[in-house]
Amino acid sequence: MKKLTIVLALVLGGLVSLSAQAIEQRAWHKEVIGKDCKVCHDKGIKQFPSDQACLQCHDVDDLAEQTARSEEDKWQNPHNNLHYGKDLPCQECHGEHKAKKPLCSNCHTFKFDKHQE
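Because the structure is predicted, anything quoted here is derived from the model rather than measured. The written sequence of each chain sets the order in which its residues are numbered from 1. Local features in this predicted model are restricted to residues of pLDDT 70 or higher, and side-chain atom pairs are both shown and tallied only at a pLDDT of 80 or more, whereas totals for entire chains, interfaces and linings draw on every residue. Neither water nor hydrogens contribute to the side-chain values; these are computed over all heavy atoms in the structure.

Peer 1: Looking at this structure, I do not really get the overall build of the protein. What am I missing?
Peer 2: The secondary structure content of the protein amounts to four helices and zero strands. Helix numbers and strand numbers start at the N terminus; a helix is a DSSP run of H or I with at least 4 residues, a strand a run of E with at least 2. Listed by position from the N terminus, the elements making up the protein come as α-α-α-α. Each residue is assigned to one of three classes by its accessible area relative to the maximum for its type, calculated with a 1.4 Å probe on protein chains only: buried under 20%, partly exposed between the two thresholds, exposed over 50%. The proportion of buried residues among the 117 residues of the protein is 18%. We call two residues contacting when some pair of their heavy atoms lies within 4.5 Å. In the protein, of all internal contacts separated by at least 6 residues, the share reaching a separation of at least 24 is 38%. Of the roughly 9,500 Å² that the protein leaves accessible, carbon and sulfur atoms contribute 57%. For the area figures, the Shrake-Rupley method with a 1.4 Å probe applies, and any residue is considered shielded solely by the protein chains shown.

Structure below.
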């Protein structure tokens, strides 16, 4: 019985590690982070990453500058907008493993080449 328990534990451990490696990751994150899920999942693997985890590598001011519009459309910037300024949680629009429909897309059309849905 003891051997059966050990074998089952090893099999389950192997399945868990295989399933963790099978999760899709965007190419540019894979290059920087590798397979260390805890780099982003700072509150645990089953939780969404905190904004602080994202902001370790991404600067909100740089993002706002990169996605800026003309002065006339300046509040159409998803990273610095009329409703939330620069304080909208990253996970509201961005998904690493599964594409998300951006929160504001019901009213706004943000067309950025790098945004993947």
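Peer 1: Looking at this structure, how should I read the pattern of salt bridges?
Peer 2: Pairing between side chains of opposite charge can happen when their charged atoms approach one another. For salt bridges, the criterion is a side-chain nitrogen of Lys or Arg within 4 Å of an Asp or Glu carboxyl oxygen. A complete count under the given rule lists one salt bridge for this structure. The closest approach of N and O atoms between D61 and K86, which form a salt bridge, is 2.5 Å. Placement of the pair is D61 in helix α4 (residues 60-66) and K86 in the segment after α4, with a sequence separation of 25 residues.

Peer 1: Looking at this structure, I do not really get the confidence of the model for the protein. What am I missing?
Peer 2: The predicted coordinates of low-pLDDT regions are not to be read in fine detail. Looking at the protein as a whole, the pLDDT averages 77, with 74% of positions reaching at least 70. For the protein, helix α1 (residues 2-21) is the element with the lowest average pLDDT, namely 54, and α4 is the one with the highest, namely 93. The low-confidence segment residues 15-21 (pLDDT under 50) makes zero contacts with residues lying over four places distant or belonging to another chain. A residue's pLDDT is the confidence the predictor assigns to it, expressed on a 0 to 100 scale.

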